[in-house]
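Here's the letter readout for the chains.
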Amino acid sequence: MAKATKVNHVAIVVSDIEQGLNFWRDQLGLHFDHVEDVPSQKVEVAFLHVGESHVELVKPTTDDSGTAKFLAEKGPGIHHLCIEVDDIDSMLADLKQKGVRLIDETARELPGRKMAFIHPKATGGVLLELYQLTGK
Ligand code: CO
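Backbone geometry follows two general trends: most residues other than glycine have a negative phi, and most peptide bonds adopt the trans configuration. Positioned with a positive phi, Lys-42 is a non-glycine residue whose angle comes to about 55°. Mapped onto the elements, Lys-42 comes out in the loop between strand E2 (31–38) and strand E3 (43–50). According to the relative accessible area criterion, Lys-42 is partly exposed, its value standing at 32%.

This is how it looks when you write it as C-alpha cells:
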C-alpha cells in the first residue's frame with residue numbers, strides 16, 4: 001500500500017505575490033526559490049523553503065478557478081495542505097476504493113511531480129493535495 005512520507009507544502013492564497021513575499025521572505029526570512037506559472041491550475045506560485053518543506057504563495061491568474069473563488073469568498077489565507085506519497089496512483093486507487101471523495105481521480109502530470117486533490121468534504125474541511133515527486 002502507498003505511504004505518505006512527509007508534508008511537502010502548505011499553500012496560502014494571496015491576491016498579490018509581492019505583497020505576500022513582503023512578509024514570508026522579507027520579514028520572516030524564508031528562503032525564496034522561484035515563481036512559477038501553473039496554467040493547468042490557473043495560478044502563479046511563489047515557492048519558499050522551510051527545511052525540507054515549502055510554503056507556497058498561490059495567486060489566481062483568472063477569475064474562474066477554484067482558487068479564485070476561494071479568494072473571493074474567504075479572502076487570503078491557508079488554501080491547502082500537500083502531503084507527499086511514494087505512489088500516488090496506488091494511493092488514489094486505494095482512497096477511491098474506500099469511497100473517499102476525490103477531486104482528481106487520476107493524478108495530473110506536472111514537471112517533476114504528479115499531483116491530485118482530495119475533496120475537503122472527505123478530510124474534515126481541508127483541501128488536501130497529494131504529490132509524488134517524479135524527477136522528470
Ligand atoms: Co499545492
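Another point: the coordination of the cobalt ion. At 1.9 to 2.1 Å from the cobalt ion lie its protein donor atoms, namely His-9 (NE2), His-80 (NE2) and Glu-129 (OE). When the donor residues of the cobalt ion are listed from N- to C-terminus, their spacing reads H-x70-H-x48-E. Of this pair, His-80 sits in strand E5 (residues 77–85) while Glu-129 sits in strand E8 (residues 128–133), and the two are 49 residues apart along the sequence. For His-80, a relative accessible area of 5% translates into the label buried.

Looking at the secondary structure, you find Asp-87 in the loop between E5 and helix H3 (88–97). Asp-87 sits in the partly exposed class, given a relative accessible area of 31%. Apart from the residues lying within four places of it in its own chain, the contact partners of Asp-87 are Ala-2 and Gln-132. Here the side chain of Asp-87 touches Ser-90 through a polar contact of 3.1 Å, landing on its backbone nitrogen.

Here the structure, examined in full by the defined rule, presents 1 aromatic pair. Taking the centre distance of 5.1 Å and the plane angle of 85° together, the rings of Phe-23 and Trp-24 count as edge-to-face. Between the NZ or CZ atom of Arg-25 and the centre of the ring of Phe-32, over which it lies, the distance is 5.4 Å.

What follows covers the nonpolar core. Core analysis: the biggest nonpolar cluster contains 12 residues, these being Ala-2, Val-85, Ile-88, Met-91, Leu-92, Leu-95, Leu-102, Ala-107, Ala-116, Ile-118, Leu-128 and Leu-130. Going through the elements one at a time, H3, strand E7 (113–118) and E8 are the ones with two or more residues in this core. At 4 residues, the largest contribution of residues to this core is made by H3. Setting aside anything within four residues of it in sequence, one finds Val-85 in contact with Lys-3, Ala-4, Thr-5, Met-91, Leu-130, Tyr-131 and Gln-132. Among the nonpolar cores identified, the runner-up in size contains 9 residues, and Ile-12, Val-14, Leu-48 and Leu-57 belong to it.

So, how was this worked out
Residues numbered from 1 in each chain as written. Predicted model: local features only at pLDDT ≥ 70, side-chain atom pairs only at ≥ 80, totals over all residues. Heavy atoms only, no water. Helix = DSSP H or I, 4+ residues; strand = E, 2+ residues; numbered from the N terminus. Buried < 20%, exposed > 50% of the residue type's maximum accessible area, 1.4 Å probe, protein only. Donors = N, O, S within 2.8 Å, 3.2 Å for Na, K, Ca; no water. Contact = heavy atoms within 4.5 Å. Polar contact = N/O pair within 3.5 Å; in protein donor to acceptor, adjacent residues only side chain to side chain. Phe/Tyr/Trp six-rings, centres within 6.5 Å; stacked < 30°, edge-to-face > 60°. Lys NZ or Arg CZ within 6 Å of the ring centre and 35° of its normal. Core = buried A, V, L, I, M, F, W, Y, C linked by side-chain atoms within 4.5 Å.

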